[in-house]
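Okay, here's what each chain looks like letter by letter:
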Amino acid sequence: PVTRSTAGFTLVETLVALAVTATLATAGTLMMMQTLQASRTVDARMDEVRSLGSAFGLMRADFSEVTRRPSAAPDAYLPAIGFEGLKSDKTGELVSFVRAGWTDPVIGSERSDLQRVAYAYEDGNLIRKAWLRPDPVRNTPTVERVLIEDIETLEIQYRRKGVWFDAWPATNSGDYPDLIRFTVTFADSDVLTLNCMLGTLS
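All of the points below concern the structure found in this document. The structure displayed is predicted, hence computed values, not measured ones.

Calculation rules
Residues numbered from 1 in each chain as written. Predicted model: local features only at pLDDT ≥ 70, side-chain atom pairs only at ≥ 80, totals over all residues. Heavy atoms only, no water. Core = buried A, V, L, I, M, F, W, Y, C linked by side-chain atoms within 4.5 Å. Buried < 20%, exposed > 50% of the residue type's maximum accessible area, 1.4 Å probe, protein only. Helix = DSSP H or I, 4+ residues; strand = E, 2+ residues; numbered from the N terminus. Contact = heavy atoms within 4.5 Å. Pairing = 2+ DSSP bridges. Phe/Tyr/Trp six-rings, centres within 6.5 Å; stacked < 30°, edge-to-face > 60°. Lys NZ or Arg CZ within 6 Å of the ring centre and 35° of its normal.

## Quick word on the nonpolar core
Okay, step 1: The biggest cluster of nonpolar side chains holds 30 residues, and the ones touching the most others in it are Met-59, Phe-63, Phe-83 and Val-95.
Okay, step 2: Among the secondary structure elements, those contributing two or more residues to this core are α1 (11-64), β2 (92-99), β3 (115-122), β4 (125-131), β5 (142-148), β6 (151-160), β8 (179-186) and β9 (191-197).
Okay, step 3: Take this core: its biggest share by element is 5 residues, from α1.
Okay, step 4: Those residues in contact with Phe-63, other than ones at most four positions away along the chain, are Phe-83, Val-95, Phe-97, Tyr-119, Ile-180, Phe-182, Cys-196, Met-197, Leu-198 and Gly-199.

## Examining the sheet that holds β3
Okay, step 1: The 5 strands are arranged β1-β2-β3-β4-β5 in an open sheet whose pairing can be described as antiparallel. If you trace the sheet from one side to the other, it starts and ends with β1 (84-85) and β5, each paired once.
Okay, step 2: Judged from the 6 bridges that link them, β4 and β5 form a sheet pairing that is antiparallel. In the strand pairing of β5, Arg-128 is matched with Arg-145.

## Brief notes about the packing of aromatic side chains
Okay, step 1: Inspection of the entire model under this criterion finds 8 aromatic pairs.
Okay, step 2: Ring geometry for Phe-63 against Phe-182: centres 5.9 Å apart, planes inclined by 45 degrees, an arrangement best described as tilted. Note that Phe-63 is positioned in helix α1 and Phe-182 in strand β8, a separation of 119 residues in sequence.
Okay, step 3: Given a relative accessible area of 2%, Phe-182 falls into the buried group.
Okay, step 4: Their ring planes at 25 degrees and their centres at 5.8 Å tell us that Phe-83 and Phe-97 sit as a pair that is stacked. Of this pair, Phe-83 sits in the loop between α1 and β1 while Phe-97 is found in strand β2, placing the two residues 14 residues apart along the sequence. Like Phe-97, Phe-83 is buried.
Okay, step 5: Pairwise contacts between aromatic rings join Phe-63, Phe-83, Phe-97, Tyr-119, Tyr-158 and Phe-182 into one cluster.
Okay, step 6: The side chain of Arg-68 reaches across the aromatic face of Tyr-176, ending 5.2 Å from its centre.

Keep in mind these values describe shape, not function.
Next up, the structure:
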């Protein structure tokens, strides 16, 4: 006679086993998907950190090499001015100046180590503009680079001798502040603050 021990699994036991297997497989799949999502999130954050680190390094280099030399935007009808910082409630070029220390890789080149640089705020992006000469004209080559994207609000402040200003009007002598502060707020409410000393290498 066929006994229970030799009859194999019953239908109920098979269904229970299948249900347990399906549950374990689903849990394992969810864990794997969560792990992959977390990995992608970490990778994206690391890319952001690297990008911001590169941008901040370039900004610090720019402001540390600021000079008093006057300059004007291409085709501008106004006289050349020194360092200028506009209120950050505007868009377009907010900070402009001439920097030194722009080394030329070509040995013996007579190219100036000065260049005009401007920081602009456009469409939620902080953009660096650099002209290949301190007195650019319309056809002077320009290099533009988006430094920070997806900005909700941008605040720029200027400090001189411990006093903070919301703007820095250009002067005939080309005076500039001793520190500039960028406060960036993103849509997710994250806030980044960058302080740059000016003229430390000039």
